[in-house]
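So you can see what is in the structure, the chains are spelled out below.
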Amino acid sequence: MKKLMLVAGFAALSLVACNKKEDASSRIQEGATNNTEVANGAEGSTTTETTQNQNGFPKIAFNETTHDFGDIKKGSKNEVEFEIRNEGTVDLVIIDAKASCGCTVPEKPEAPIKPGQSAKMKVVFSANTPGLQSKNVTLTTNTEAGSEMLTVKANVLE
């Protein structure tokens, strides 16, 4: 009986906690306003400052989204640098970069990319298996889409 009550309590709590109809996208698009109270001097008076958040999303662009290494030898390590440009009006953040296979290692830029600026992202592909290879790198970003895909291809020879 105690277990049933405990489960019912957790279920009720989760329903209440998940009942909010608000999401981050709508708050970003609305341009949420932050109010900050600042203490002035010994009298203890306060001033309210209003700051407007950046509106919109960054726009990401690449020099290429697919790189073909062509014919390469098994056991070789091959590198390519993708150029990532921010063509939007707010900072572009690469939150994460994950490859579809352990043989492909992306090195994402750590710093935000300012509007009008670009950064390089190195991708290293280790040719371990012979034959045609195609590996994807998924970027998690703060763009409107939320993720972007890059591809490296090669024909690995024995």
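The rules behind these values
Residues numbered from 1 in each chain as written. Predicted model: local features only at pLDDT ≥ 70, side-chain atom pairs only at ≥ 80, totals over all residues. Heavy atoms only, no water. Helix = DSSP H or I, 4+ residues; strand = E, 2+ residues; numbered from the N terminus. Buried < 20%, exposed > 50% of the residue type's maximum accessible area, 1.4 Å probe, protein only. Contact = heavy atoms within 4.5 Å. Areas by Shrake-Rupley, 256 points an atom, 1.4 Å probe, with all protein chains shown as cover. Core = buried A, V, L, I, M, F, W, Y, C linked by side-chain atoms within 4.5 Å. Salt bridge = Lys/Arg side-chain N within 4 Å of Asp/Glu carboxyl O. Polar contact = N/O pair within 3.5 Å; in protein donor to acceptor, adjacent residues only side chain to side chain. Pairing = 2+ DSSP bridges. Axes fitted to C-alpha atoms, helices over the stretch in contact; angles between N-to-C directions.

## Considerations on the overall build of the protein chain
- Check the secondary structure of the protein chain and you find two helices and 10 strands.
- Taken over 158 residues, the protein chain has a buried fraction of 28%.
- When contacts within the protein chain are restricted to residue pairs at least 6 apart in sequence, those whose partners lie at least 24 apart make up 59%.
- Summing over all exposed atoms, the protein chain offers an accessible surface of approximately 10,600 Å²; the carbon and sulfur share of this is 52%.

## Remarks on the nonpolar core
- Within the largest apolar cluster, 23 residues are counted, with the highest numbers of intra-cluster contacts made by I84, M121, F125 and L139.
- Where this core is concerned, the elements lending two or more residues are β3 (60-62), β4 (66-73), β5 (77-86), β6 (94-99), β8 (118-126), β9 (131-141) and β10 (147-157).
- Not counting residues up to four positions away in its chain, the partners in contact with M121 are V80, E81, F82, I84, A97, P106, E107, K108, P109, V137, L139 and L150.

## Quick look at the side chain of T104
- Structurally, T104 can be placed in strand β7 (residues 104-107).
- According to the relative accessible area criterion, T104 is buried, its value standing at 3%.
- Setting aside chain neighbours within four positions, we find T104 in contact with A99, V123, V124, F125, K135, V137 and V152.

## Some details on the pattern of salt bridges
- Counting across every chain of the model gives seven salt bridges.
- Salt-bridge contacts for K108 lead to E110; the nearest nitrogen and oxygen are separated by 3.4 Å.
- Judged by relative accessible area, E110 falls into the exposed class, the value being 65%.
- Through salt bridges with shared partners, a single ionic network connects E79, E107 and K122.

## With respect to the side chain of H67
- Position of H67 among the secondary structure elements: in strand β4.
- Among the polar contacts made by the side chain of H67, one reaches the side chain of E64 at a distance of 3.1 Å.
- Apart from residues lying up to four places away in sequence, H67 is in contact with V80, F82, T151, V152 and K153.

## A closer look at the sheet that holds β9
- The four strands lie next to each other as β4-β10-β9-β6, forming an open sheet whose pairing is mixed. Looking along the sheet, the strands with just one partner apiece sit at the ends: β4 and β6. Direction aside, the axes of adjacent strands within the sheet are offset by 20 degrees on average.
- As paired elements, β4 and β10 share six bridges and run parallel to each other. Pairing of D71 across the sheet is with N155, part of β10.

## A closer look at the sheet that holds β3
- Pairing is antiparallel in the open sheet, where four strands are placed in the order β3-β5-β8-β7. Each edge of the open sheet is held by one strand with a lone partner, namely β3 and β7. Pairwise comparison of adjacent strand axes, ignoring direction, gives a mean angle of 25 degrees for this sheet.
- With nine bridges joining them, β5 and β8 adopt antiparallel strand pairing. Note on β8: the bridge partner recorded for E79 is V124.

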